[in-house]
Amino acid sequence: MGGRIVSVSGSVIIADDLENAKMNDIILVGDNGLIGEIIKMDGSRAIAQVYEDTSGLRLGEKVINTGNPLSVELAPGLIGSIFDGVQRPLDLIMKKEGVFIKSGIKMNAIDRTKKWHFKPKANADDDVEAGQEIGEVKESSLVKHKILVPPGSKGKIKKIADEGDYTVEDVIAVLEDNGKKTEIKMLTKWPVRVSRPVKEKLPPMIPLLTGQRVIDTFFPVAMGGSAAIPGPFGAGKTVISHQLAKWSDADIIVYCGAGERGNEMTEILTTFPELKDQKSGKPLMDRTVLIANTSNMPVAAREASVYTAVTIAEYYRDMGYNVALMADSTSRWAEALREISGRLEEMPGEEGYPAYLARRIGEFYERAGMVKLPGGKTGSVTVIGAVSPAGGDISEPVSQSTLRVVRVFWALDAALANARHFPSINWLNSYSLYTDNLDQWYRKNIDNDWPDLREKMMSLLQKEAEINEIAQLVGYDALPEKDKLVLDVAKIIREDYLQQNAFDDIDTYSSTNKEHIMLEIIQLLYSTEEKMMDQGVTLDKIDNKDIKQLIARIRYTKEDEVSSLSKDIENKIARIGKKGALHGKS
Amino acid sequence: MVKVEYKTVQTVTNVLLFLNGVKEASYGELAEIELDDGRRLNGQVLSTNEEVTVLQVFGETSGMDTKNTKVKFSGTTFKFPVSDEIVGRVFDGMGRPRDDGAPVYSDDKRDINGSPINPYAREEPSEFIQTGISAIDGMNTLVRGQKLPIFSGSGLAHNKLAAQIVEQSKVLSKKENFYIVFGGIGINSEDANFFMGQFKNSGAMDRSVVFLNLAAEPSMERIILPRLALTAAEYLAFDKGAHVIVILLDMTNYCEALREISAARDEVPGRRGYPGYMYSDLASIFERAGKIKGKVGSITQIPVLTMPSDDITHPIPDLTGYITEGQIVISRSLDKVGIYPSIDVLVSLSRLMNQGIGKDQTREDHKSLSDQLYAAYAQGKQVRSLIEIVGEDALSDSDKKYLKFADEFERRFINQDFSENRKINETLDIGWDLLSILDKSEMKRIKPELIEKYGKWK
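Small disclaimer: the values here were computed from a predicted structure and weren't measured. (Residues numbered from 1 in each chain as written. Chains lettered and ligands numbered in written order. Predicted model: local features only at pLDDT ≥ 70, side-chain atom pairs only at ≥ 80, totals over all residues. Heavy atoms only, no water.)

Overview of the overall build of chain B
- Counting its secondary structure elements, chain B contains 13 helices and 21 strands.
- In terms of overall dimensions, chain B is globule-like: its C-alpha atoms have a radius of gyration of 25 Å, near the 23 Å expected for 458 residues.
- C-alpha extents for chain B along the principal axes are approximately 85 × 50 × 40 Å.
- In chain B, buried positions account for 61% of the 458 residues.
- For chain B, the exposed surface amounts to about 16900 Å²; the carbon and sulfur share of it is 46%.
- Averaged over its 56 positive side-chain charges, chain B has a centre that lies 3 Å from the centre of its 66 negative ones. (Helix = DSSP H or I, 4+ residues; strand = E, 2+ residues; numbered from the N terminus. Rg over C-alpha atoms; globule rule 2.2 N^0.38 Å. Buried < 20%, exposed > 50% of the residue type's maximum accessible area, 1.4 Å probe, protein only. Areas by Shrake-Rupley, 256 points an atom, 1.4 Å probe, with all protein chains shown as cover. Lys, Arg positive; Asp, Glu negative; His and termini not counted. Charge placed at Lys NZ, Arg CZ, Asp CG, Glu CD.)

Next comes the structure, spelled out in structure tokens:
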């Protein structure tokens, strides 16, 4: 005896007489068995959000309780796939059902028939604990999928499969603990709304290098950290998210398109297989998992999509990988919450969002972290969320709740975007609370002078803003020579360093080495010119046109040619410095 | 199956009807409402439970009472019959003929809500559409399968611009199967006549499907109209392999109608009284643009909306901009100085531009040239606002050049005639011409090779 529908309103239904209904149970709604989740209990009635289009649902249709919470399937086969918000495989759905998504499609996220080549990494009679590696499968050219003892299990290995080909449902090991036997398969499940257990969270000390100069230099995010990208439409949120997915030095990328454009997912699907990973030269798709619940797909599944994504990210983290999760856009996810809350007729908080909005956002970002794993290894999930504030005004609840929990804020600026200054990250408003933590790493791995250089450049940019205000009142000509110099150099920093062309084959990615060379040269030019001014040379007498043009070329110069170009520029700067000295004496 | 007739109307408002004790209604189902005087109206189920079922009424509820009004459920959601016969026809907001022709009969009836395109099945739009308008082709290129709205203000020339785009983009694709689907949402009869006149004069009517809901006609039909238009467009594009341009004008009226229903249902309002689900609702319309793997046709959407008090942060343009692939913004200040089309290129954007331009599509210099034009125009406009404070005399030589550039850019590049159809090469050449007002050393966005090849410095 199942339950039956007694009310339908948009994506929310009410079922009566549902057996053993509990909060967050997954139910199958109506004759087509649409997937839904119980979000409220009221006497014998269960109120549920439905993850599929509810058009045509009729009162009295049956409802079945699966008794399970919303879970994702975890096994080899995730990498390179594209799933919807409740982890249905969109590629397989297209093959089976055609190009439009209809309601009521049932399909396993993970292929049950495909065989994977399993290599055991533990022996019979070994004592193992949860999270320990017992085997390995090569999932893609870039990812070795570690088969771990699932959370909650431990014991002595009674049996472990020999090296060979197995499906995800074959038993590959048997554990025994106090006489209790546990079979281990490659396929496991995990409820999406519960974070996977961790032993200990470590302070994030290593930067997630993104190849984006403004980020890596001024506003870095740490591996295991969290960052937000709020910005009005057209400011370039999506391009930045894509750039991070392409070039950041994480091992695994989970990209979640929540309530955004269909064509953006298509762009990833077409470009990622072609693009090569910086380190290995292998296709980027071989380290990427895509979750796509576009704006026209059911709104409740959008709410679920970010949890699906972060659970998959945590799963790879537990294997010892550094995972970066991009969620574009968390505002659409929040709107899904608002819509469902409205249908439940809950008392609204600010701007109609539910009162629990801030808590949900906090919980989500809290799933980021650098964690300690069994065997002394570490793994991390870095969460980067795009935010789409209404009217571009970040005083709204989603932006504000996000800023309270994230530690990096990349403020996208419409004025910069309109002038095609990309990435349009405003250098005066943005911040990263990781810079102090990460300085040590930069000193050790790049150069001891990195923090110093960074601060010098930033102070020039800040001075530029101040001087510009004065210049607006008194005119440029009336400025002191040294102020003119600051404007001149700040312009170089803005145009040739902060700006970066995502669509240029070379400029799209900058190594920290290249960044360091560029910073040193700009600093050298500034200090040389400043000295010349001390000797009485005015800015218009400094012949630096040639040098400036060469500096502008560095960003378009291949990594292996950068140092020779920089030598050339250094010599030219030295030459004008000498001339300046002569001029000063005469 | 015998249809039950309900006479249990509890409440009538000017857009909604509340019915008691309905057992068989399904969400989204279409119903027929019969008034005491014999008038028949359609309605659609917005929500249903054992006590009360809420219907949205298409048409005037005046004259409706709670005693004698009868409601019959149709057993299906709203469907529109599609066939080749729809071409060249004019329909109203409910899909009924409003020309003299007979109703369209077809066994192929499509749910007007469509189904979402599987993101995996989408093909990335990348084919350049030459509109012959420099501000679009050069700076905010339109590609086939894109959704690129026009953000305008009341009294601005968005109608002319939309008509010019339709007229001129047609020429390029003459050899191909090409259709226009025009959805006039709550527009006045003058605007409707302007478009009908344009279509008839240019012969485009034979390749058009028109849906019209005029300002005085029932506002609830405005919710249906864009969905009808897109159902027709999907049929032509994905069944008939045609390239379809869909113009939806004016989406502001659509959003107003949405707000009207939301208010009538006592929903918790979002910003400015618009419902919290307006983003998802608009997305269900705009995302029906695109290209699909393995299919020839495409749907390019050009929705037009008027920004209330020219405010781009108003919820209607704001939510639209978050869904669409860019926006063409019409500026009142350019319009005032007599520039047509008065497109403000700085706030305009085409997100798919990069896919549609370059060596194989337009010309190798297109991307960097437009970047440079953007930067230079932004700089020029900044200088323009500076003079207001410091006066022109205080400008440096370089600033003066930027000022001149900005003026010339508006006069020669953006400005063109309503009937002027510029080829992409002409557009780009004007751009290079204008850049030569500035010093060559300022060309930071363009590679030296391209400057040598295309530059017009003496």
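Observations concerning the overall build of chain A
- Looking only at helices and strands, chain A has 15 helices and 26 strands in total.
- In terms of C-alpha radius of gyration, chain A reaches 28 Å, essentially the compact-globule figure of 25 Å for 586 residues.
- Its C-alpha atoms give chain A principal-axis dimensions of roughly 100 × 55 × 40 Å.
- The buried share of chain A, taken over its 586 residues, is 60%.
- Considering only intrachain contacts with a sequence separation of at least 6, the fraction spanning at least 24 residues in chain A is 70%. (Contact = heavy atoms within 4.5 Å.)

A closer look at the interface of chain B and chain A
- Taken together, the contacts link 75 residues of chain B with 76 residues of chain A.
- Taken together, both faces of the contact between chain B and chain A bury some 6300 Å²; the carbon and sulfur share is 53%.
- It is Tyr27, Tyr322 and Lys444 of chain B in chain B that bury the most area against chain A; as a group they hold 13% of the surface buried on that side.
- Between the two partners, chain B and chain A, sit 7 salt bridges. (Buried area = accessible area lost by both parts, 1.4 Å probe. Salt bridge = Lys/Arg side-chain N within 4 Å of Asp/Glu carboxyl O.)

Some thoughts on the packing of helix α12 (residues 481-498) of chain A against helix α13 (residues 512-534) of chain A
Residues and elements named next belong to chain A.
- Two elements in contact, α12 and α13, have axes whose closest approach is 10 Å; the angle formed by their N-to-C orientations is 165 degrees. By the angle class used here, α12 and α13 are roughly antiparallel. Crossing handedness for the pair α12 and α13: right-handed. For the pair formed by α12 and α13, the contact residues are Glu481, Lys482, Leu485, Val486, Val489, Ile492, Ile493, Asp496 and Tyr497 on the first element and Glu515, Met518, Leu519, Ile522, Leu525, Tyr526, Glu529, Glu530, Met533 and Asp534 on the second.
- Split by residue class, the contact of α12 with α13 holds 12 nonpolar, no polar and 7 charged. (Axes fitted to C-alpha atoms, helices over the stretch in contact; angles between N-to-C directions. Parallel < 35°, antiparallel > 145°, perpendicular 65-115°, else oblique. Left-handed = near helix turned anticlockwise from the far one by under 90°. Nonpolar A, V, L, I, M, F, W, Y, C, P; charged D, E, K, R; others polar.)

Re the sheet that holds strand β16 (residues 180-185) of chain A
Residue and element names in this part refer to chain A.
- Ordered in space as β10-β13-β15-β16, the 4 strands form an open sheet in which the pairing is antiparallel. Each having just a single partner strand, β10 (127-128) and β16 make up the two edges of the open sheet.
- With 4 bridges joining them, strand β13 (residues 155-160) and strand β15 (residues 171-177) adopt antiparallel strand pairing. Across the sheet, the residue bridging to Ile157 is Leu175, located in β15. (Pairing = 2+ DSSP bridges.)

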